[in-house]
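The primary structure of each chain is shown beneath.
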Amino acid sequence: MRCDGVAEDCKDKRFGPWTLDFDEAFDRPFDSRWCAHRLGGSIDDIFNMTHHIAQYEEMCIMIVRVDAALERSQMYAQMVETGVTKVRSDVALTAEEQAFQIRIDAGVKIEAKDSMPENYRKTLIRQMSQHAHSEIVGQLPEANWITRAPTLKRKAILLAKVQDEAGHGLYLYSAAETLNVTRDQMTRDLLSGKSKYSSIFNYPTLTWADMGAIGWLVDGAAIINQIPLCRCSYGPYARAMIRICKEESFHQRQGFDIMLSLCRGSEKQKAMAQDALDRWWWPSLMMQGPPDAESTNSAQSMRWKIKLFSNDELRQKFIDQTVPQAEFLGLTIPDPELKWNEERKSYDFGPIQWDEFYEVLRGNGPCNRDRMRTRNRDHETGAWVREAAMAYAEKHERRVETTAQEESA
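All values reported here derive from a predicted model rather than from experimental measurement. (Residues numbered from 1 in each chain as written. Predicted model: local features only at pLDDT ≥ 70, side-chain atom pairs only at ≥ 80, totals over all residues. Heavy atoms only, no water.)

Caption draft 1: View of the overall build of the chain. Counting its regular elements, the chain contains 17 helices and two strands. Scored against the burial criterion, the 409 residues of the chain give a buried share of 52%. Partitioning the intrachain contacts of the chain with sequence separation of at least 6 by distance along the chain shows that 81% fall at a separation of at least 24. Total accessible area on the chain stands at roughly 19,700 Å², and carbon and sulfur atoms take up 54% of it. (Helix = DSSP H or I, 4+ residues; strand = E, 2+ residues; numbered from the N terminus. Buried < 20%, exposed > 50% of the residue type's maximum accessible area, 1.4 Å probe, protein only. Contact = heavy atoms within 4.5 Å. Areas by Shrake-Rupley, 256 points an atom, 1.4 Å probe, with all protein chains shown as cover.)

Caption draft 2: The side chain of Ser-284, seen in detail. When you line up the elements, Ser-284 lands in helix H12 (residues 267-286). From its side chain, Ser-284 meets the backbone oxygen of Trp-280 in a polar contact 2.7 Å long. (Polar contact = N/O pair within 3.5 Å; in protein donor to acceptor, adjacent residues only side chain to side chain.)

Caption draft 3: Main features of the packing of aromatic side chains. Following the criterion strictly, the structure yields 10 aromatic pairs and no others. Measuring from ring centre to ring centre gives 5.8 Å for Trp-281 and Phe-318, while their planes differ by 25°; the resulting arrangement is stacked. In this pair, Trp-281 sits in helix H12 while Phe-318 sits in helix H14 (residues 311-329), placing the two residues 37 residues apart along the sequence. You'll find Trp-281 and Phe-318 in the same group, each marked buried. Measuring from centroid to centroid gives 5.2 Å for Phe-357 and Tyr-358, while their planes differ by 75°, and the two rings are edge-to-face. For Phe-357, a relative accessible area of 1% corresponds to the buried category. A cation over a ring is seen here: Arg-148 above Trp-145, with NZ or CZ 4.1 Å from the ring centre. (Phe/Tyr/Trp six-rings, centres within 6.5 Å; stacked < 30°, edge-to-face > 60°. Lys NZ or Arg CZ within 6 Å of the ring centre and 35° of its normal.)

Caption draft 4: Geometry of the packing of helix H11 (residues 235-263) against H14. Contact geometry of H11 with H14 gives a least axis separation of 10 Å together with a crossing angle of 30°. One finds that H11 runs roughly parallel with respect to H14. Contact residues: Gln-252, Phe-256, Met-259, Leu-260 and Cys-263 in H11; Gln-321, Gln-325, Phe-328 and Leu-329 in H14. By residue class, the composition of the contact of H11 with H14 is six nonpolar, three polar and no charged. (Axes fitted to C-alpha atoms, helices over the stretch in contact; angles between N-to-C directions. Parallel < 35°, antiparallel > 145°, perpendicular 65-115°, else oblique. Nonpolar A, V, L, I, M, F, W, Y, C, P; charged D, E, K, R; others polar.)

Caption draft 5: Region of interest: the state of the cysteines. In total, this model carries zero disulfides according to the counting rule given. Distance from the sulfur of Cys-230, which forms no disulfide, to the nearest cysteine sulfur (Cys-245) is 3.5 Å. (Disulfide = S-S within 2.5 Å.)

Caption draft 6: View of the environment of Ala-221. In this structure, Ala-221 sits in helix H10 (residues 209-229). Overall, Ala-221 belongs to the buried group, its relative accessible area being 1%. Residues in contact with Ala-221, not counting those within four places in the same chain, are Ser-284, Met-287, Gln-288 and Phe-318.

Set out below in structure tokens:
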């Protein structure tokens, strides 16, 4: 028995080697029990498949596959202002706005050099910058456990995941820059508190099981939004999401693997997993944003196909997908009112404490101040790296110009 409260990775003979029939996987609807059974091998097996990377990438998407009806939404961006609280009728639109809406309705991708309404551009900047900030700040809760991971393998996996999140932030900042906003400006907005990030990252990570809960629940809730973003109306954003989706799918898989290992360990280890679920369940439900009745900007985002699925519908999809996974783990969802509704073919669930959500958004969550203090400190201490990189780039540019002049002389 391990003394550090973390179960050894399990190699249950019932699941055998990592095998998956991709035709079978894509021909059937998403079923979490089936995925858990078919993909229940040790995470070691993933790394043994590097020579099958193409199949692995397809498998990553399959793991968290959602119904085809879930086509467009937003992720890691809450209460994004659109500048329009009431959708205008076609008659009230200018000729340019009508032409733009016709392109949107036809499913034509909007590119950086295309004409677009100013409110559309500003909405995208707000959402994409929030998304990018969330990826960057989202590293902090997990980085807290890199040096305390229970095994070298777990440390390597977590380190790779945090590195992935940094890359996601860079992809999204780059995509946002196509809308004539600089990365420096977006960073200043984050550090000053003007720009927000997902409220979920203002909660503490108290135990190693939190690494599993974040991967399983937080990344799972995000993926329900992420995959459809590959088909959102703005081309650079949609293309940036393709690689992000593949990597986030693996993040959810590793989180579930941690929870599975803990649940197969001792009673204390399973209790640790249950405690993490108890603390992260409700904040994960809040990730989809406030109830539809309180989401005044959603209608316009949906018309622009930046977001075309309501917050409440996304939340319901997440619950319906996650409850069977919790049952497979042998864990209890911390909601006494949770029950299956045969008529709706979905789960009914209890009321969400939205006062907590708004309090966290106002900066009064458990870790709001700590997150921003850490981010500002790191930005300041890293200034010399940015200055050195800029000096090198300028020196290299001068060298290229000098060489060109010498060759032409």
